[in-house]
Amino acid sequence: MNRYWFSILVYFGRWLIEGSPYVVLIDVGFTAWSLDRWKSELWENFSIGVPWFDREANDAVLFGFLTAWLLGEVTQCDSPPHIVAHFHEWLAGLGLVLCRQRQLPVATIFTTHATLLGRYLCAGNVDFYNNLAEFNVDKEAGDRQIYHRYCLERAAARCAHVFTTVSKITAIEAEHLLKRKPDVVTPNGLNVKKFSAMHEFQNLHAQSKARIQEFIRGHFYGNLDFNLDKSVFFFIAGRYEFSNKGADLFLEALARLNYLLRVNHSEVTVIAFFIMPARTNNFNVETLKGQAVRKQLWDTAQTVKERFGKKLYESLLIGQLPDVSKMLDKEDFTIIKRAIFQVIFHPEFLSSTSPLLPMDYEEFVRGCHLGVFPSYYEPWGYTPAECTVMGIPSVSTNLSGFGCFMEEHIADPSAYGIYILDRRYRGVDESCNQLTSFLFQFCQQSRRQRIIQRNRTERLSDLLDWRYLGRYYISARHMALAKAFPDTYCYELQDPTSTQGFRYPRPASVPPSPAHSLHSSPHHSEAEDDDEEERYDEDLEAEKDRLNIRQPYSSTYRLQNSVPEKN
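Computed from a predicted model, the values in this text were never measured in an experiment. (Residues numbered from 1 in each chain as written. Predicted model: local features only at pLDDT ≥ 70, side-chain atom pairs only at ≥ 80, totals over all residues. Heavy atoms only, no water.)

Visitor: Please clarify how the sheet that holds strand β9 (residues 269-275) should be interpreted in this entry.
Guide: In a beta sheet, neighbouring strands are held together by backbone hydrogen bonds and run either parallel or antiparallel to one another. If you walk across this open sheet you meet the 5 strands as β9-β8-β10-β11-β12, and the pairing is parallel. Unpaired on one side and paired on the other, β9 and β12 (418-421) mark the two borders of the sheet. Taking each pair of neighbouring strands and ignoring which way they run, the sheet shows an average axis angle of 25 degrees. Direction of pairing for strand β8 (residues 231-237) relative to strand β10 (residues 370-372): parallel, over a ladder of 2 bridges. Paired with Phe-234 across the two strands is Leu-370, which belongs to β10. This element, helix α13 (residues 382-389), spans β8, β10, β11 (394-397) and β12 of the sheet and lies at about 145 degrees to β11. (Pairing = 2+ DSSP bridges. Helix = DSSP H or I, 4+ residues; strand = E, 2+ residues; numbered from the N terminus. Axes fitted to C-alpha atoms, helices over the stretch in contact; angles between N-to-C directions. Contact = heavy atoms within 4.5 Å.)

Visitor: Explain the nonpolar core here, please?
Guide: If you look at soluble globular proteins, the nonpolar side chains tend to sit buried side by side. Formed by 63 residues in total, the largest nonpolar core has its most connected members in Phe-234, Phe-273 and Leu-439. Excluding residues that lie within four positions of it along the chain, Phe-234 makes contacts with Phe-250, Leu-254, Leu-257, Val-270, Ile-271, Ala-272, Phe-273, Leu-370, Val-372, Leu-439, Phe-442 and Cys-443. With 60 residues, the next largest nonpolar core counts Val-10, Ala-68, Ile-169 and Leu-177 among its residues. (Core = buried A, V, L, I, M, F, W, Y, C linked by side-chain atoms within 4.5 Å. Buried < 20%, exposed > 50% of the residue type's maximum accessible area, 1.4 Å probe, protein only.)

Visitor: How should helix α9 (residues 247-263) be read in this particular structure?
Guide: What sets the pattern is the α-helix's 3.6 residues per turn: residues three or four places apart point alike. Taking 1.5 Å per residue as the helical rise, α9 with its 17 residues ought to reach 24 Å, and the 25 Å between its terminal C-alpha atoms agrees with that figure. For α9, the full list of buried residues reads Ala-247, Leu-249, Phe-250, Ala-253, Leu-254, Leu-257 and Leu-261. End-on, the buried residues of α9 take up no more than an arc of 135 degrees, which puts them together on one face. Across from the buried face of α9, at angles greater than 90 degrees, the exposed residues are Tyr-259 and Arg-262. (Expected span 1.5 Å × (residues − 1). Arc of directions from axis to C-beta.)

Visitor: Please explain the sheet that holds strand β6 (residues 162-165) as it appears in this structure.
Guide: Read across the sheet, 4 strands follow the order β4-β5-β6-β7 without closing on themselves; strand pairing throughout is parallel. Looking at the sheet topology across the chains shown, the edges are occupied by β4 (83-88) and β7 (184-185). Two strands pair when backbone bridges link them, and β6 and β7 are joined in this way by 2 bridges, in the parallel orientation. In the sheet register, Thr-165 faces β7, and the bridge partner there is Val-185. Sitting on the sheet, helix α2 (residues 55-75) is in contact with β4 and β5 (106-112), with an inclination near 170 degrees to β4. Relative to β5, helix α6 (residues 147-159) is tilted by about 130 degrees, and along the sheet it contacts β5 and β6.

Dropping the structure here:
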């Protein structure tokens, strides 16, 4: 429904996600007539001027004033509740600043998922992390014509009762660029769907891998001179930021990996996918032709198979052994010969309706063997996190929030299929060599070792579940209440950015390194690499890992003059 309050359009309902929370939507366009008046007020009270041509910043001004108005209305009711308002990113930050300026009885939290200036600086190929303390932030923001945006973000960070960010690496960035050290690190989580049987996600991997193999057969039609059963699929995905996302490093590492595989006479073929949406004119015609031929060959084979089966059945019915030379007649051969012709049709990319690769992104990820994300600037990193919850090993870096989080929680990340590349303390060439080493080690694993490693990777999904990570947000809210209403709430903080007593040990069983796996793996046999149905039961090891999942830090939250209650 919608209601008009003082010429303001507000929508109220439920958000159609798990839990169906209530949601209030404010139409900023409906109050655009107030923009000039509010921008004047912004300049008079905060000396922040927003240029007329920055539409995104104009929307941020409208949303900020409307948010502050809404919270002001709520706090004026009889017996108002204690409110916590959590603002994310600079676009929402003005509402927080106005709440503090108007002295509204609201506990405020501001979260930056990546600093605005940090994104711009890294896009300019600067030596970002080694010069954080040296940047003249006002000049850098002004040179990039984002000074007004930077001021909004910095004001929100400085005014908030509690300032948070999504990772330790971004906390360091925020401390230097926004001039305030975050109070709490609130990592990003996922809604993890756990399977009742451990092997179920392995089955999904096999099914999706088979569909990717079909795409490969079409893509390399006429040049399929390698064994698909001895091929591994790597992929990188994300915005088309060639250096920030590490695509340049991945390409160079693939070239070096290719050399290593050749000189070591490896039978493994690596197929790398770059899933980076970019502006294109059309699909490659030869690619379309290959997929069309593959599909037509499959349809032809199915037709001939049905005809063959019918003839075999009729021969057996009359009690005669089939004459194989007569099972295929001239009509069958004509059908086969016609298969060299194709039909080309218009595709969509990474969609279940695509003619090239008819798979959704989640299905595609499940079908790959390794995700490679050697990012230089990655405040969190949802792509490796998504790989983890689907049981797919991944490569990330110690400059990504995900990589730092896993290093903190896991004693030996690579044993669990989390390869963390050092891009902070090594040069580009050294990092590239390390990435090449990771990829080469992965290529040396047997099929059985990859299955074991995927089991371990999937077990880490508990770390990334909102049911666990939500406690960081709860802690931030309790802290904000204690700061905003000190007479009512008390919060005792004990090192909120650490994760004491919460580290996965190195697995007790076979490590992923091929050099030690043959004598360490239980139930090993010479034919195990060809036995895709064999499963490795790690229930005991998994239970040991679960016992290591403990609350990362303890915090005490209580009402004043009450018995302390553990958070």
